[in-house]
There are 2 protein chains.
Amino acid sequence: MYDNNRSKIMSKDKNNPTAAELEILNILWLKQPLTVKEIHIELIKTKDVGYTTALKIMQNMTGKGLLKRILNGKSHLYTAAIKKEETQQNLLSKFVDTAFAGSASSLVMQLLGNKKTSKKELDEIKKIIDEMEQNQ
Amino acid sequence: MYDNNRSKIMSKDKNNPTAAELEILNILWLKQPLTVKEIHIELIKTKDVGYTTALKIMQNMTGKGLLKRILNGKSHLYTAAIKKEETQQNLLSKFVDTAFAGSASSLVMQLLGNKKTSKKELDEIKKIIDEMEQNQ
DNA sequence: TTGCAACTACGATAAAAGTCGTATATATTT
DNA sequence: AAATATATACGACTTTTATCGTAGTTGCAA
């Protein structure tokens, strides 16, 4: 009815995974390959979701090229089709833009100021910074 | 038809602003109050969007409690009803969970490894870390 | 005071994400 | 071979976000 293509014309979007898709990817990035059943068992540890919902999301993800699958007897075995680091990089880049108006440093400031970031995490971050400075 | 209330029962969600809503909030957090017209002028600097679209989003945001408005002659003056730091904190917390499986340190690692993060940003981040270490 | 320009209000539409029921196909067991 | 269990496939439905057209209201200018 009206021009709904503008944003699509302007920005070739990265087709980033959604939150629900990331839950599945995070499971697979730890251990692959897995069946829908195995993924579902992991998912219901943190949220209440039906089996066919998990199945459908994984089918959609396969269609989008986020997952690969091979037939294994009666069921399928799924693996992540995209790399963890690249994916996180894309998501982070967009997140810095939208939530922090492009300022990575203010994001880090928030992160370090957050009481919920554990001391252990803070120490790890410092260690990373130290190592980066060593390599310069 | 079926129980679609589970997630709502389980998790009282923070009703975080969406990407489009954040664009508007980021403008207001720099300068307030502003009219719809003024916001729209800012928005079209980076994306092609109609006036009534901006208006509608801002009306919705007011309904959700994200913005406040007062009548000013013929039009309204809008201000952000939520604090920048708190909002960013909520968004960041959720983002670390979903995109980085809860690991803040691996987020920072990605950030520092990102070639698109400018040297200036990196220096600022180091400075923040240094200051935090001073204060301990 | 009447008309135009500027605003708001409202509703229609669309796309995407998430949800799951039901139907179907395929093994496995008895 | 029939019954049961296990998987997938498919489509219906809901909610949320985003989009904008059109209608109505209001203030100001001529």
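The structure this text deals with has already been given above.
For clarity, every value in this text was computed on a predicted model and none was experimentally measured. (Residues numbered from 1 in each chain as written. Chains lettered and ligands numbered in written order. Predicted model: local features only at pLDDT ≥ 70, side-chain atom pairs only at ≥ 80, totals over all residues. Heavy atoms only, no water.)

(A) Up close: helix H4 (residues 51-64) of chain A. Residue and element names in this part refer to chain A. For H4, with 14 residues, the first-to-last C-alpha span of 20 Å sits near the 20 Å given by 1.5 Å per residue. Buried within H4 we find Ala-54, Met-58 and Met-61. Projected onto a plane normal to the axis of H4, the buried residues spread over an arc of 60 degrees and lie on a single side. Among the exposed residues of H4, those pointing more than 90 degrees away from its buried face are Thr-52 and Gly-63. Structurally, H4 contributes buried residues whose contacts are with helix H2 (19-30), helix H3 (36-43), strand E1 (67-72) and strand E2 (75-80). Gly-65 occupies a position one or two residues after H4 and carries a positive phi of about 85 degrees. (Helix = DSSP H or I, 4+ residues; strand = E, 2+ residues; numbered from the N terminus. Expected span 1.5 Å × (residues − 1). Buried < 20%, exposed > 50% of the residue type's maximum accessible area, 1.4 Å probe, protein only. Arc of directions from axis to C-beta. Contact = heavy atoms within 4.5 Å.)

(B) Seen up close, unusual backbone geometry. For the peptide bond that leads from A:Gln32 to A:Pro33, omega is -10 degrees, which places it in the cis range. Its identity is not glycine, yet B:Ala101 carries a phi of approximately 50 degrees, on the positive side. Its location among the elements puts B:Ala101 in the loop between helix H5 (84-100) and helix H6 (104-113). You can call B:Ala101 exposed: its relative accessible area is 56%.

(C) Expanded view of the relation of the copies chain A and chain B. The transformation that overlays chain A on chain B combines an axial shift of 0.0 Å with a rotation of 179 degrees, and the residual RMSD is 0.1 Å. One copy is carried onto the other by what is essentially a two-fold rotation axis. Taking C-alpha positions as the reference, the residue of chain A nearest the rotation axis is A:Val108, at 3.7 Å. Both copies contact each other with a shared surface, as 100% of the interface residues of chain A are interface residues in chain B too. (Least-squares fit on C-alpha atoms with pLDDT ≥ 70 in both.)

(D) Focus on the interface of chain A and chain B. Contacts between the two partners involve 38 residues from chain A and, on the opposite side, 39 residues from chain B. Contact between chain A and chain B buries roughly 3900 Å² in total, counting both sides, with carbon and sulfur atoms accounting for 64%. Summed over the shared surface of chain A and chain B, the number is 0 salt bridges. At the junction of chain A and chain B, the tally comes to 6 residue pairs in polar contact (both at pLDDT 80 or more). (Buried area = accessible area lost by both parts, 1.4 Å probe. Salt bridge = Lys/Arg side-chain N within 4 Å of Asp/Glu carboxyl O. Polar contact = N/O pair within 3.5 Å; in protein donor to acceptor, adjacent residues only side chain to side chain.)

(E) Quick peek at the pattern of salt bridges. Counted according to the given criterion, the structure contains 8 salt bridges over all chains. Residue A:Lys64 pairs with A:Glu21 through a salt bridge whose shortest N-O separation is 2.6 Å. Of this pair, A:Lys64 sits in helix H4 while A:Glu21 sits in helix H2, and the two are 43 residues apart along the sequence. Residue class for A:Glu21 comes out buried when judged on its relative accessible area of 4%. With its nearest N and O atoms 3.0 Å apart, the salt bridge here joins B:Lys45 to B:Glu42. For B:Lys45, a relative accessible area of 60% puts it in the exposed group. For B:Glu42, a relative accessible area of 33% corresponds to the partly exposed category.

(F) Highlighting the pairing of E1(A). When E1(A) meets E2(A), the two strands line up antiparallel, connected through 6 bridges. The partner of A:Asn72 across the bridge, within E2(A), is A:Ser75. (Pairing = 2+ DSSP bridges.)

(G) Fine view of H3(A). All names here are of chain A. For H3, the set of buried residues is Val-36, Ile-39, His-40 and Leu-43. Seen from one end, H3 has its buried residues packed into an arc of 100 degrees, which puts them on one side. Against the buried residues of H3 lie H2, H4 and E2.

(H) Molecular detail of the environment of B:Leu77. Within the secondary structure, B:Leu77 is located in strand E2 (residues 75-80). When the C-alpha atoms of B:Leu77 and B:Gln32 are compared, they prove to be 8.5 Å apart, with 45 residues separating the residues in sequence.

(I) Main features of the side chain of B:Thr35. Residue and element names in this part refer to chain B. Assignment of secondary structure puts Thr-35 in the loop between helix H2 (19-30) and helix H3 (36-43). Exposure remark for Thr-35: the relative accessible area of 14% places this residue in the buried category. Setting aside anything within four residues of it in sequence, one finds Thr-35 in contact with Ser-75, His-76 and Leu-77.

(J) Main features of the packing of aromatic side chains. For the structure on display, the rule yields 3 aromatic pairs over all chains. Feature note: the residues A:Phe95, A:Phe100, B:Phe95 and B:Phe100 constitute an aromatic cluster, connected by ring pairs. (Phe/Tyr/Trp six-rings, centres within 6.5 Å; stacked < 30°, edge-to-face > 60°.)

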